[in-house]
Amino acid sequence: MKSLHDAFANDRFALVGQLRLHQDDDADSVLRQAHAISSAIDAVAVTDCPYGVLHMSGLAVSTLLLEAGIDPVMHLVTRDRNRVALKSELLGATALGVRSLLLQRGDPLPADADPKTVQVFDTGAKRLLTQARQLSTFRTTQGTPPLLLGALARVFDPPDDWRPQELAAKVNAGADFVQTQICLDLELLRRYVKALVDSHLTWRCRVIVSVPVLTSAESARWLFENLRGGVVPEDLVQQFEAAADPEQFGIDLCADIVKGLREIPGVCGANLSTTGPPEAMAAAARQAMARPSSAGGT
């Protein structure tokens, strides 16, 4: 089974493909989507009801993937559970064989969410990372492979004197890799990641950049108008409106950005997502990895 852990261990540029989950998904629909992308990537990301959009539990989806021989990267947010439920979820995930986890605070629910739902936020991402690291250490003494823990980061244009103190705190708490929110600006990414390299943070963790495979002007417009914490060019919608084949344009755009990421020192992988068919994600992944490139490294 390919895995995110093996990609990192062998200094390969890692590709993670994110499932697009819905409330009406069943086991067959989840597996069809996962199988459509699994041959082109190293691991499959399993979200945890982003923006409060209900879907099958991440633990259930991750179990289905493991049974199918696919490595899951299970997301776990603190928004919807208290610390007892979070610890219970961690224990269940490790017992069932999940080895990669992305731990995060989670996006606040929309103000107009219906029905109105109480947000928990009983604990923070760093405390959850610490608890997961303690669990990993305990499991390792019993002969179980260590967990690969991830945290989120937001890309921005850092001032010359900026130091990634918040990210360093997450790494100190237990993060093995940092996944950025969506960024489609390579020049900005170069400046941001250089600051991480200069601070020696990339000596202690891997950096993965989130890149979407957009397939229409409508999906580009939604991303531009609704994305929280991401970096999207202002002319993105116009580019898609001018494209003769928007889906192919989106595949090419994603592939070109990932190729660019492979040339940035300190970037070790990409997290792909799409609002279109999963085959578009697989096509972008294959196109991005079609030619050799130097590893991101440190």
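Bear in mind the structure is a predicted one, so any value in this text is a computation, not a measurement.

What counts, and at which threshold
- Residues numbered from 1 in each chain as written.
- Predicted model: local features only at pLDDT ≥ 70, side-chain atom pairs only at ≥ 80, totals over all residues.
- Heavy atoms only, no water.
- Helix = DSSP H or I, 4+ residues; strand = E, 2+ residues; numbered from the N terminus.
- Rg over C-alpha atoms; globule rule 2.2 N^0.38 Å.
- Buried < 20%, exposed > 50% of the residue type's maximum accessible area, 1.4 Å probe, protein only.
- Areas by Shrake-Rupley, 256 points an atom, 1.4 Å probe, with all protein chains shown as cover.
- Core = buried A, V, L, I, M, F, W, Y, C linked by side-chain atoms within 4.5 Å.
- Contact = heavy atoms within 4.5 Å.
- Phe/Tyr/Trp six-rings, centres within 6.5 Å; stacked < 30°, edge-to-face > 60°.
- Pairing = 2+ DSSP bridges.
- Right-handed = clockwise from strand over helix to strand, strands pointing away.
- pLDDT = per-residue confidence, 0-100.
- Salt bridge = Lys/Arg side-chain N within 4 Å of Asp/Glu carboxyl O.
- Lys, Arg positive; Asp, Glu negative; His and termini not counted.

## Some points on the overall build of the protein
Then, in step 1: Along the backbone of the protein there are eleven helices and eight strands.
Then, in step 2: For 298 residues, the compact-globule estimate of 2.2 N^0.38 gives 19 Å, and the protein sits close to it at 18 Å.
Then, in step 3: Over its C-alpha atoms, taken along the principal directions, the protein stretches across nearly 55 × 45 × 40 Å.
Then, in step 4: A burial count over the protein gives 51% of its 298 residues as buried.
Then, in step 5: A total of about 13,400 Å² of accessible surface is found on the protein, and carbon and sulfur atoms cover 52% of it.

## Structural notes on the nonpolar core
Then, in step 1: Core analysis: the biggest nonpolar cluster contains 62 residues, and L19 and L261 have the highest contact counts within it.
Then, in step 2: Here this core takes seven residues from helix α7 (residues 186–198), the largest share from any one element.
Then, in step 3: Not counting residues within four places of it along the chain, the set of residues in contact with L261 comprises F13, L186, L189, V209, V211, V267 and A270.
Then, in step 4: Residues A93, L135, L147 and A173 belong to the second largest nonpolar core, which totals 18 residues.

## Side note on the packing of aromatic side chains
Then, in step 1: As enumerated under the stated definition, the model contains six aromatic pairs in all.
Then, in step 2: With 6.2 Å between their ring centres and 55° between their planes, F8 and F177 make a pair best called tilted. In this pair, F8 is assigned in helix α1 (residues 4–9) and F177 in strand β6 (residues 177–182), connecting sequence segments 169 residues apart.
Then, in step 3: Here F156 and Y192 contribute two aromatic rings whose centre-to-centre distance is 5.7 Å and whose plane-to-plane angle is 65°, an arrangement assigned as edge-to-face. Of this pair, F156 sits in the loop between β5 (148–153) and α6 (165–173) while Y192 sits in helix α7, placing them 36 residues apart in sequence.

## As for helix α3 (residues 58–67)
Then, in step 1: Most of α3 sits inside the fold, with seven of its ten residues counted as buried.
Then, in step 2: Buried residues along α3 sit in contact with α2 (27–38), β2 (43–46), β3 (72–77) and α4 (83–96).

## Focus: the pairing of β2
Then, in step 1: Judged by which residues are buried, β2 turns out to be covered on both faces: A43 and A45 on one side and V44 and V46 on the other are all buried.
Then, in step 2: Pairing between strand β1 (residues 14–18) and β2: three bridges, direction parallel. Bridging from a neighbouring strand, V16 pairs with A43 of β2.
Then, in step 3: Each parallel crossover has a hand, and the one from β1 via α2 to β2 is right-handed.
Then, in step 4: Traced from β2 through α3 to β3, the parallel crossover comes out right-handed.

## Some details on the confidence of the model for the protein
Then, in step 1: The pLDDT averaged across the protein works out to 94; a share of 97% of its residues lies at or above 70.
Then, in step 2: Ignoring residues within four places in sequence, the model shows residues 293–298, a span with pLDDT below 50, making 16 contacts including any to other chains.

## Brief notes about the pattern of salt bridges
Then, in step 1: Under the defined criterion, the tally for this structure stands at twelve salt bridges.
Then, in step 2: With its nearest N and O atoms 2.9 Å apart, the salt bridge here joins D157 to R191. With D157 in the loop between β5 and α6 and R191 in helix α7, this pair connects stretches of sequence that are 34 residues apart.
Then, in step 3: Note on D157: relative accessible area 44%, which makes it partly exposed.
Then, in step 4: For R221, the salt bridge is made with E241, and the minimal N-O distance between the two is 2.8 Å. Highlighted residues: R221 in helix α8 (residues 217–226) and E241 in helix α9 (residues 236–242), separated in sequence by 20 residues.

## Re the pairing of β6
Then, in step 1: Where burial is concerned, most of β6 is hidden: five out of the six residues are buried.
Then, in step 2: Pairing of β5 with β6 involves four bridges; the strand directions are parallel. Bridge pairing links G150 to F177 in β6.
Then, in step 3: Following the backbone out of β5, through α6 and into the adjacent parallel β6, one traces a crossover that is right-handed.

## Focus: the environment of L15
Then, in step 1: Take L15: it is sitting in strand β1.
Then, in step 2: Residues within four places of L15 in sequence aside, it is in contact with A40, I41, D42, A43, V258, A270, A285 and M289.

## Digging into the side chain of K170
Then, in step 1: Along the chain, K170 turns up in helix α6.
Then, in step 2: Buried charge without a salt bridge: K170, with E166 as the nearest opposite-charge side chain at an N-O distance of 4.8 Å.

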